Every structure is written in C-alpha cells, then in structure tokens.
Amino acid sequence: MRQRKRAKWMRHAYNWSYPPANVEEFDDHYELYIFAPGLEKSQFQVSVVDRVLEISAEAPAPSEEKSSRWKRQEFRQIGFKRQFELNKGIDTSQINAQYADGVLRLTLPKLEEYHTVRKDILVD
C-alpha cells in the first residue's frame, strides 16, 4: 500500500501520468501500443538500457496566457514516463517506433530462436 501512495505522489510531483498500454503477440514479434494523444512524435524519447525499455514524452510548458472566458479546464498535456522489462527473446537492436493518430506503436521483434511455433491438434 505504501508503494502505491508513493508512486501516486511521484506522478503528481513530477507531473507524470501513466498512459494506457496494450501488448499484442505475433509469431515473430510483439507490438506495444501507448495511448498518448495530443503529442508530437518529436516529443517522445524511447531507449533500451539493460533490457529495460523506457518510453517518455515531454509536453510543452503550459501557456501563461489565461483567458477569463474559461470556467473550467480539466485537460492539459502532461509528460509521462513508462518502463517495461523485456524478456531475453526480444531483439533490442531492431525495435521500431511509429506515432500516428495519438497512438505510439512499438514493434519488438523476437529473436529467431524465440519465434512462436504453432501446431494445431486435431481433436478426435
């Protein structure tokens, strides 16, 4: 419980959020999707260090201009940082990232010896 409170405090202290992520497995690769609308692809930093994939984004500083017309403002761009521990079956030298329509998609190819082999079994 303590770690959860600390993690929540850390997110707010550093103005981070954790955007949702989906992982899909294919025979020869994984695809990792990060939902991060409203950012530019130049704002993302993606790196791998010691089999830890780190994805972060820096949002622009909020404008100091305040409009007296706003009665409520609940959304704004904020930066984030996510880390994923990669298994030994990922070829870290071939990771590819693309950003389109508010979704960052990373392709994580499997090493040849870790490709999924699928065999259908006939049920009698």
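Conventions and cut-offs
- Residues numbered from 1 in each chain as written.
- Predicted model: local features only at pLDDT ≥ 70, side-chain atom pairs only at ≥ 80, totals over all residues.
- Heavy atoms only, no water.
- Salt bridge = Lys/Arg side-chain N within 4 Å of Asp/Glu carboxyl O.
- Helix = DSSP H or I, 4+ residues; strand = E, 2+ residues; numbered from the N terminus.
- Buried < 20%, exposed > 50% of the residue type's maximum accessible area, 1.4 Å probe, protein only.
- Pairing = 2+ DSSP bridges.
- Lys, Arg positive; Asp, Glu negative; His and termini not counted.
- Polar contact = N/O pair within 3.5 Å; in protein donor to acceptor, adjacent residues only side chain to side chain.
- Contact = heavy atoms within 4.5 Å.
- pLDDT = per-residue confidence, 0-100.

This next bit is on the pattern of salt bridges. Using the criterion set out here, one finds 2 salt bridges in the structure. Among the ionic pairs, K110 bridges to E25, the shortest N-O distance being 2.7 Å. With K110 in the segment after strand 8 (103-109) and E25 in strand 2 (residues 21-25), this pair connects stretches of sequence that are 85 residues apart. Among the salt bridges present, the one from D27 reaches R118, with a minimum N-O distance of 3.5 Å. Pair noted here: D27 is in the loop between strand 2 and strand 3 (29-35) and R118 is in the segment after strand 8, with a separation of 91 residues, a long-range link. Residue D27 is classed as partly exposed on the basis of its relative accessible area of 37%.

Our focus in this paragraph is the pairing of strand 5 (residues 52-57). Here strand 4 (residues 44-49) runs beside strand 5; their pairing, made up of 6 bridges, is antiparallel. For V48, the partnering residue across the bridge sits in strand 5 and is L53. Connecting the antiparallel pair strand 4 and strand 5 is a turn made up of 2 residues, with D50 showing a positive phi of about 50 degrees. Alignment of strand 5 against strand 6 (residues 79-85), held across 6 bridges, turns out to be antiparallel. Paired with L53 across the strands is F84, a residue of strand 6.

Bringing the environment of E58 into the picture now. Mapped onto the secondary structure, E58 falls in the loop between strand 5 and strand 6. In this structure the C-alpha to C-alpha distance between E58 and G79, which are 21 residues apart in sequence, comes to 4.5 Å.

Bringing the side chain of R82 into the picture now. Here R82 is to be found in strand 6. It is E54 that comes nearest to the buried, bridge-free R82 among opposite-charge side chains, at 11 Å. A polar contact of 2.7 Å, which involves the side chain of R82, links it to the backbone oxygen of P19. If near-sequence neighbours (up to four positions away) are discounted, R82 is found in contact with Y18, P19, P20, A21, L53, E54 and I55.

Here the focus is the confidence of the model for the protein chain. For the protein chain, mean pLDDT is 83; residues scoring 70 or higher make up 77% of the total. Here residues 9-15 scores under 50 on pLDDT; set against residues more than four positions off or in separate chains, the count is 6 contacts.

Before going further, it helps to spend a moment on the environment of Q45. In this fold, Q45 is placed in strand 4. Spatially, the C-alpha atoms of Q45 and A57 are 6.1 Å apart, while their sequence positions differ by 12 residues. Q45 has contacts with E54, I55, S56, A57 and E58, leaving out every residue within four places of it along the chain. Here the side chain of Q45 touches Q43 through a polar contact of 3.1 Å, landing on its backbone oxygen.

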